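Commentary on secondary and tertiary structure
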Amino acid sequence: TNSEPAWYCVHTKPKCEHSAASVLRELGEGVEAFCPRIRFQRSTRRGKVWFVEALFPSYFFARFDPALWLRAVKHSQNVLRVVEF
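In what follows, the accompanying structure is described. Only a predicted model underlies this, so the values are computations on that prediction, with no experimental measurement involved. (Residues numbered from 1 in each chain as written. Predicted model: local features only at pLDDT ≥ 70, side-chain atom pairs only at ≥ 80, totals over all residues. Heavy atoms only, no water.)

**What to know about the pattern of salt bridges**
Which entries qualify depends on this criterion: The rule for a salt bridge is simple: a side-chain nitrogen of Lys or Arg has to be within 4 Å of a carboxyl oxygen of Asp or Glu. Numbering of helices and strands starts at the N terminus; helices are DSSP runs of H or I of at least 4 residues and strands are runs of E of at least 2. Throughout this description, buried means an accessible area under 20% of the type-specific maximum (1.4 Å probe, protein chains only), exposed means over 50%, and partly exposed covers the range between.
Using the criterion set out here, one finds one salt bridge in the structure. Linking E53 and K15 is a salt bridge whose minimum nitrogen-to-oxygen distance equals 4.0 Å. One end of the pair, E53, is in strand β4 (residues 47–54); the other, K15, is in the loop between β1 (6–12) and α1 (17–25), with 38 residues separating them in the sequence. With relative accessibility at 69%, the residue K15 sits in the exposed group.

Below is the structure:
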């Protein structure tokens, strides 16, 4: 079949969204990864500190052709599964 690239939600190990997205970007031209992050300030014992975390914890988005890249994406470092329903 002739499939086209589409966006998929990728489930990762906790706190590994950014590194998993980076690994997918290195797979090749056919894979695009989008991992939105949020920067916020939190009060600690040291005072107010800036934190950067994933907007969607344990998830990020990837665009690829499943006929060509699904196996490589599923077996990438820190990836648990590609969300499907």
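**Things to note about the sheet that holds strand β5 (residues 59–64)**
Which entries qualify depends on this criterion: For two strands to be treated as a pair, DSSP must find no fewer than two bridges joining them. Note on geometry: axes are lines fitted to C-alpha atoms, helical ones only across the stretch in contact, with angles between N-to-C directions running from 0 to 180 degrees.
Read from one edge of the open sheet, four strands run β2-β5-β1-β6, paired in antiparallel fashion. Strands with a single pairing partner mark the edges of an open sheet, and in this sheet they are β2 (32–34) and β6 (79–82). Within the sheet, the average angular offset between the axes of one strand and its neighbour, ignoring direction, is 30°. As paired strands, β1 and β6 are joined by three bridges and run antiparallel to one another. From the neighbouring strand, H11 faces β6, where its bridge partner is R81.

**Comments concerning the state of the cysteines**
Defined as follows: Only a pair of cysteine sulfur atoms within 2.5 Å counts as a disulfide in this structure description.
The final tally for this structure, using the stated rule, is zero disulfides. The thiol of C16 is unpaired, and the distance to the nearest cysteine sulfur, on C35, comes to 11 Å. C35 takes part in no disulfide bond, and the closest cysteine sulfur to it belongs to C9, at a distance of 11 Å.

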